[in-house]
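Single-letter residue listing:
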Amino acid sequence: MTLVQQATSMLEKLPTGSQQVVVDLLKMLNSANESTIMPNTYETGFKRTGKSDFYLPADFDEHFDDMNDEIAAMFMGESL
């Protein structure tokens, strides 16, 4: 069963009022997404999962694994 079929099946079981609430919510979420999408943002490819306003050194990927202890300390609260 596809995701759309699952969603349709779930919606059919809801009362009409609840179905309308779900549809209104989806419309609101869709319009919010459309207003935040910037045109031409993804024309050029990039390595990482997101874009940002900061720049990493050219050798960042080569030394990323060297930072494992520092990164673990940030999340686990351990001092180096």
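Just so you know, these numbers come straight off a predicted model, no measurement behind them.

## Looking at the overall build of the protein chain
Next, step 1: The helix and strand tally for the protein chain stands at four helices and zero strands.
Next, step 2: Going residue by residue from the N terminus, the α and β elements of the protein chain occur as α-α-α-α.
Next, step 3: For the protein chain, the exposed surface amounts to about 7700 Å²; the carbon and sulfur share of it is 60%.

## What to know about the confidence of the model for the protein chain
Next, step 1: Looking at the protein chain, pLDDT values average 75 and 69% of them are 70 or higher.
Next, step 2: The least confident element of the protein chain is helix α3 (residues 60-63), whose mean pLDDT is 76; the most confident is helix α1 (residues 3-13), at 89.

## Some words on a nonpolar patch on the surface
Next, step 1: Side chains of L25, L26, M28 and L29 sit close together on the surface and give an oily, nonpolar patch of about 410 Å² of accessible area.
Next, step 2: Inspection of the secondary structure puts L29 in helix α2 (residues 16-36).

Rules used throughout
- Residues numbered from 1 in each chain as written.
- Predicted model: local features only at pLDDT ≥ 70, side-chain atom pairs only at ≥ 80, totals over all residues.
- Heavy atoms only, no water.
- Helix = DSSP H or I, 4+ residues; strand = E, 2+ residues; numbered from the N terminus.
- Areas by Shrake-Rupley, 256 points an atom, 1.4 Å probe, with all protein chains shown as cover.
- pLDDT = per-residue confidence, 0-100.
- Patch = residues over 30% accessible without salt bridge, like charges linked within 9 Å, V, L, I, M, F, W, Y side chains within 5 Å.
- Salt bridge = Lys/Arg side-chain N within 4 Å of Asp/Glu carboxyl O.

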